[in-house]
Amino acid sequence: MKNFMKGLSLVLVVSTVGFMNAQHKNHKNVSVTPEVSTEFIPAIRLINNPDGSCTFEKGKIPTLKHMNTTTFWMSNKTEEWEKNAHPAPRRQYVITIKGNIKFKVTDGSTFMIKPGVVLLAEDLKGSGHSWDMVKSKEWERLYIPISENADDLFVPDAQ
């Protein structure tokens, strides 16, 4: 229930930001000043190497920052092809509400995504990534595409 509430809270935040953005576009005299955040949510970003292979980096995404998105959808279904290696279909945030998911990239390295960690999928070329559920029978998640040419707000961890 706690994870569901986190996911629902994120949906409400994203929806509110989208509404505020729409209001701003429709009324030129409306001023929306986003708050500056010093808080972050842990994140892992899937990216392509120059040769097209997939790798990942750990980092974080600031809270209370406007994210350039226009839509989202939820899923709890899994098709078999999704577990095989594939690139991301678009730049998107994937927010896990329920489940523990083990991702694998081109060189065989793995990482875990669980509720409270944002997955940022930006590996748009090559063979991409694969994943499997660990100690979970279902993966409940939100897909939030990032608007074209928008900043993903990802801050890599210091190396």
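Keep in mind it's a predicted model, so treat the numbers as computed, not measured.

(A) Local environment of the sheet that holds strand β9 (residues 140-145). With mixed pairing, 7 strands are arranged side by side in an open sheet as β3-β9-β4-β7-β1-β2-β10. Taken across any chain shown, the strands that pair with only one partner, and hence form the sheet edges, are β3 (73-75) and β10 (155-156).

(B) Region of the structure containing the pattern of salt bridges. Inspection of the entire model under this criterion finds 5 salt bridges. The partner of R91 in a salt bridge is E122, with the nearest N and O atoms 2.9 Å apart. Residue R91 is found in the loop between α2 (80-83) and β4 (92-98), and its partner E122 is found in the loop between β7 (118-121) and β8 (130-133); the two are separated by 31 residues along the sequence. Residue E122 is classed as buried on the basis of its relative accessible area of 13%. Note that K98 is salt-bridged to E138, the shortest N-O span being 3.9 Å. With K98 in strand β4 and E138 in the loop between β8 and β9, this pair connects stretches of sequence that are 40 residues apart. Here E138 falls in the partly exposed class, since its relative accessible area comes to 27%. Residues joined in a network through salt bridges with shared partners are R45, E57, R91, E122 and D152.

(C) Layout of the nonpolar core. Ranked by size, the top nonpolar core spans 15 residues in total, and within it L46, F103, F111, I113, L119 and W139 carry the most contacts. Mapped by element, the contributors of at least two residues to this core are β1 (40-48), β5 (101-104), β6 (110-113) and β8. Beyond its immediate sequence surroundings of up to four residues, L119 is in contact with I44, L46, Q92, Y93, V94, F103, F111 and I113. Listed in part, the 14 residues of the second largest apolar core include I61, M67, V118 and I144.

(D) Structural detail: unusual backbone geometry. With a phi angle near 65 degrees, N149 is a residue other than glycine that sits in the positive phi range. One can find N149 in the loop between β9 and β10. For N149, a relative accessible area of 74% puts it in the exposed group. Positive phi is not limited to glycine here, since L153 has a value of about 65 degrees. With respect to the helices and strands, the residue L153 is situated in the loop between β9 and β10.

Reading guide: rules and limits
Residues numbered from 1 in each chain as written. Predicted model: local features only at pLDDT ≥ 70, side-chain atom pairs only at ≥ 80, totals over all residues. Heavy atoms only, no water. Pairing = 2+ DSSP bridges. Helix = DSSP H or I, 4+ residues; strand = E, 2+ residues; numbered from the N terminus. Salt bridge = Lys/Arg side-chain N within 4 Å of Asp/Glu carboxyl O. Buried < 20%, exposed > 50% of the residue type's maximum accessible area, 1.4 Å probe, protein only. Core = buried A, V, L, I, M, F, W, Y, C linked by side-chain atoms within 4.5 Å. Contact = heavy atoms within 4.5 Å.

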